[in-house]
Structures are given as C-alpha cells and as structure tokens.
Amino acid sequence: MTVGADISTGFGSLEPSERARLQHRTLWSLRFAQVPGQAAVAGMVAVVSLLASDMLGSDRLAGLGSASFTLGAAATSIPLAAYMRRRGRRPGLARALLLGSLGAGVAALGGETRLFPIFLLGMVAFGAGQAATLQQRYVAADLAEPEHAGTAIAAIVWVGTLGAVFGPLLTPAAKALGRGIGLDELVGPFVVGAVLLAIAAVVVTVRLRPDPLEVLGAVDPDAQRVRPLQQIRTSSSVIASSAGARLGLAAMAISQAAMVGVMTMTPPHMKDHDHGDLSAYVIALHIVGMYGLAPVVGRFTDRVGTNQAIRLGAVVLGLGTVSTVMAGYVPALMFVGLFFLGLGWNIGLIAGSTLLTGSVPAAAKVEVQGTADLTMSVCGATAAFGSGFVKESFGFHLLANGAAVLAGCLLVAAWVAAARAPSTAS
C-alpha cells in the first residue's frame, strides 16, 4: 500500500483544488502551533537534567526528569489517538497541549519547592504536550496526496525548528525571569513552557478548521473507548503482519532511543568539563539538526524511498554518536556530534513515519500511529532513565558508543529488509 492511498476514498466528490486548499490551511495551522509547542519542549530539554541533578545532588538519577517526560508522552499517545478517532484531530490535540501546559506548571512548583515527586508528576503531564506535537506530523499527512506524504510530514517537522531553536536560546532569558519573580533560575524555563503550550492549544482550537479527519469522514463517535492493552495488542498484530511497518517502527524507536540517551546526558557531561554554559547552545544546534533540514529529508524520502532514507539516517546517527567521543572531550566535537545526532533522528523519524503510515490498512491507521508513538516514547524514556546510570558508572563515552551500536543495528535491519523484498524496499 502506498502512503495516502487509503485517504483519497474519503474525499468523495471533493474537487482537487478544494483538497489542496484544505491541505494548505491545515499545514499552516499546524505550523503556527508547532512553534510555541516545540519552544516549550526544547527549553525544558536544555535544563531538565541540570535541575534534576541539582535537586538530587547527583547525576545518577538526573535522567529521571527526562524519563518521566517521555513516559508521559508515551502514556498519552494511545488515549490521544483513540480520542481523536472519536472526536477529531482538533479537540484531541488541544486537550493534550493544555494538559502539557498544566504539567509544566506543576513541574515548576515541584522544582521550586524541592519536592522531587511533584516535579516528576509534572513532567509526566508535561509529556502530553510532546505527544501532541509529535502526532501533528500525522495530521499533516491526512489530506496529503499519496506521493507527497513524506514532504507533508517533513513540513511540520521542519517548522518546529523555529520553536525548537528558540526554546534553548530563550533559556537565559527564562532563567532571568525566574530570578526576577523570586524563583530558582532553573524553574523559569518551565514557567515559560507552560505559557507556550497554552498558546499552542489556542492556535489549534482556533485555526484547525475544518478538522482533517472530519473531511475524510474518518471520525467515528461510536468507536471503542480506550482500552490500552487491547489497542496495543490489535495494533501490534497489524504492525507485525507488515515488513514495512516493522521497519518503520524500528527506525522511529531506535532513532529516538539513541538520540535521547546521548542528548539527556550532554549538559551534565559538559558541566563536568566546566562548559555548562555552552550546553544550551549545543542543544540549540542539536535541535537545528533535528528539524532544520526536514524539507530536504522529506523530499529525499519521497524521491529515493523510505528504506534507503532509513539507511542514511542510521549512518548519520552513528556519525553523531561517534563524534562526541572520538577524541575525548572537545567542545567543538560536541557541537558537531549533537548536530549529526539530531539530523540522524530527523531522517529516521520522517522516513519511519512515512513507511509506517503507508504500510497499514486505513481502518487501523490512527490506532497504529498511537501505538508507534507509544513504542517510540517508551524507548526514549528507557534511554533517558538509563543514561544517568551509564554515565555515572561507566562514563559518557560508553553511553555514546552504545547509541552507535543501536544505529548499526538499524542499518543492518534496513539492508536485510531491502535484500528480502527488493521490489518493495523503497
């Protein structure tokens, strides 16, 4: 099945020009929501491990903050997908973004009062905002022409660059804001994040009309309510039955785990070498890699095929992890390595999402997307949680080398898939 082949039947007598107009409006609505949403998330990423380490007095459990955030995104993905199936994309995304805003506020409260469990609870809810920003890429593909699905997904991933870079660069000002209102400076970015996610929720509510799923006739008010385990089993069987879906999911999950594990411990690693102030700029460049070349990646994926794009992504991901440790601690290599780490993640996400979406039946698509994001988020949470232990016990170099091994496994999996099905490898 080609990406988007299942979509066209939902348009009925809708003229191509009207379809294009609706797609244009949808993409711009998603772009306006992505900027503040990604700024909130990226600003948090730049400081979460530092705040957790400061609260606990050690790096060993500093990854718990990022892990809780990622687990929150994972826990939200299945209910969010099911809710959107019943009610539409717009109300689902808006509610998830508002929950993320509330979570950012709770995390700020926990950080200020030094109540670590409250902080973690807030981070879990904050993850709902990340789940919403991630699932917006699927919304972009709802109304896309089959041959332009990768480009549509990339269009939303790319625009996140503006917010994702803006977030870390805003960190010094957010810290100053925290100090200015009498809070710990590391709490400031969470306060700003709460406001930004609320803005994103308003944008979605106001602009995402008509709802893409309503246009497709894919909203089913009578669809079964969330039964996470049943939905996971059903969606997993759909994925397992398709070689393309399996590879697409592997690309997303491995790219997420490798990227999150190394990224989470980069600020503490740089702090160990007295370059903590540079870490926000390294993260900013990393996020440029994550989003900045998305339009190019999307067109590349549509042109050469998803399998070849996944192979390239695995190589770039490996280059990024190796660069961070190839000559000991060199600040310049941290910038280079984190950029390639982000770019490799970008390729894996876009190519994997495109392959997954195009490899499953129309009736199962929304639920499969939710299960895929759940899997991806769980892998990221596991990597974030374990990253502190690995760094503290064995060193940052082993953490980065482990991520390189994961990238190598993805490369082998893509080569094997291409060899087994040469006619459909793309």
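Residues numbered from 1 in each chain as written. Predicted model: local features only at pLDDT ≥ 70, side-chain atom pairs only at ≥ 80, totals over all residues. Heavy atoms only, no water.

### Quick look at the overall build of the chain
Logical step 1: Counting secondary structure elements, the chain contains 17 helices and zero strands.
Logical step 2: Based on the C-alpha atoms only, the size of the chain along its principal axes is roughly 60 × 45 × 35 Å.
Logical step 3: Counting every position in the chain, which comprises 426 residues, the buried fraction comes to 59%.
Logical step 4: Taken together, the 28 basic and 22 acidic charged side chains of the chain have centroids lying 4 Å from each other. (Helix = DSSP H or I, 4+ residues; strand = E, 2+ residues; numbered from the N terminus. Buried < 20%, exposed > 50% of the residue type's maximum accessible area, 1.4 Å probe, protein only. Lys, Arg positive; Asp, Glu negative; His and termini not counted. Charge placed at Lys NZ, Arg CZ, Asp CG, Glu CD.)

### Here's the deal with the side chain of Gln 38
Logical step 1: Within the element layout of this structure, Gln 38 appears in helix H1 (residues 16–45).
Logical step 2: Residue Gln 38 is classed as buried on the basis of its relative accessible area of 5%.
Logical step 3: Excluding its chain neighbours within four sequence positions, the residues that come into contact with Gln 38 are Thr 133, Gly 160, Gly 163, Ala 164 and Tyr 291. (Contact = heavy atoms within 4.5 Å.)

### Some words on the domain arrangement of the chain
Logical step 1: According to the domain assignment, the chain contains domain 1 (14–208) and domain 2 (227–419).
Logical step 2: Every contact between the two is made by 46 residues of domain 1 and, on the other side, 55 residues of domain 2.
Logical step 3: Buried area between domain 1 and domain 2, both sides added, is near 4,100 Å², and the carbon and sulfur share of it is 67%.
Logical step 4: Three residues, Arg 60, Ile 78 and Tyr 138, lead the burial of domain 1 against domain 2; their summed loss comes to 16% of the area buried on that side.
Logical step 5: Residue Arg 137 is joined to Asp 373 by a salt bridge in which the shortest nitrogen-to-oxygen separation is 2.8 Å. (Domains from an automatic or database assignment. Buried area = accessible area lost by both parts, 1.4 Å probe. Salt bridge = Lys/Arg side-chain N within 4 Å of Asp/Glu carboxyl O.)

### Quick word on the UniProt feature "transmembrane region" (unreviewed entry) in the chain
Logical step 1: Those residues carrying the UniProt feature "transmembrane region" (unreviewed entry) are residues 28–52, 64–83, 92–109, 155–174, 186–206, 278–297, 309–329 and 396–418 in this numbering.
Logical step 2: Its end C-alpha atoms 32 Å apart, residues 186–206 is made of 90% helix and 0% strand. (UniProt positions renumbered as here; feature names shortened; annotations may be inferred.)

### Some points on the confidence of the model for the chain
Logical step 1: Predicted confidence across the chain gives a mean pLDDT of 84, with 93% of residues reaching 70 or more.
Logical step 2: Averaged pLDDT values for the elements of the chain fall to 78 in helix H6 (residues 149–169) and rise to 95 in helix H4 (residues 89–113).
Logical step 3: Across residues 1–9, where pLDDT falls below 50, the model places 21 contacts with residues more than four positions away in sequence or in other chains. (pLDDT = per-residue confidence, 0-100.)

### Observations concerning the pattern of salt bridges
Two side chains carrying opposite charge are able to pair once their charged atoms lie near each other.
Logical step 1: Under the defined criterion, the tally for this structure stands at seven salt bridges.
Logical step 2: We note a salt bridge from Arg 89 to Asp 142, for which the minimum N-O separation is 2.8 Å. Of this pair, Arg 89 sits in helix H4 while Asp 142 sits in helix H5 (residues 116–142), placing them 53 residues apart in sequence.
Logical step 3: The buried category is assigned to Arg 89, whose relative accessible area is 0%.
Logical step 4: Residue class for Asp 142 comes out buried when judged on its relative accessible area of 1%.
Logical step 5: Notably, a salt bridge pairs Lys 391 with Asp 272, separated by 2.6 Å at the nearest N-O pair. Of the two residues, Lys 391 sits in helix H16 (residues 365–394) while Asp 272 sits in helix H11 (residues 243–272), which places them 119 residues apart along the sequence.
Logical step 6: Overall, Lys 391 belongs to the buried group, its relative accessible area being 9%.

### Some points on empty space enclosed by the protein
Logical step 1: Scanning the model with the defined rule gives three cavities of 30 Å³ or more in all.
Logical step 2: Size it by volume and the largest cavity reaches roughly 250 Å³.
Logical step 3: Val 41, Val 45, Phe 69, Gln 130 and Met 263 are, among the 22 residues lining the largest cavity, the residues nearest its centre.
Logical step 4: In terms of residue class, the lining of the largest cavity is built from 15 nonpolar, seven polar and no charged.
Logical step 5: When residues of the lining of the largest cavity are sorted by domain, at least three fall in each of domain 1 (14–208) and domain 2 (227–419).
Logical step 6: The space that makes up the second largest cavity amounts to roughly 80 Å³. (1 Å grid on protein atoms, 1.4 Å probe; cavity = no way out; pocket = protein on both sides within 12 Å on 5 of 7 lines; lining within 4 Å. Points joined across faces, edges and corners; volume = space filled by probe spheres on them. Nonpolar A, V, L, I, M, F, W, Y, C, P; charged D, E, K, R; others polar.)

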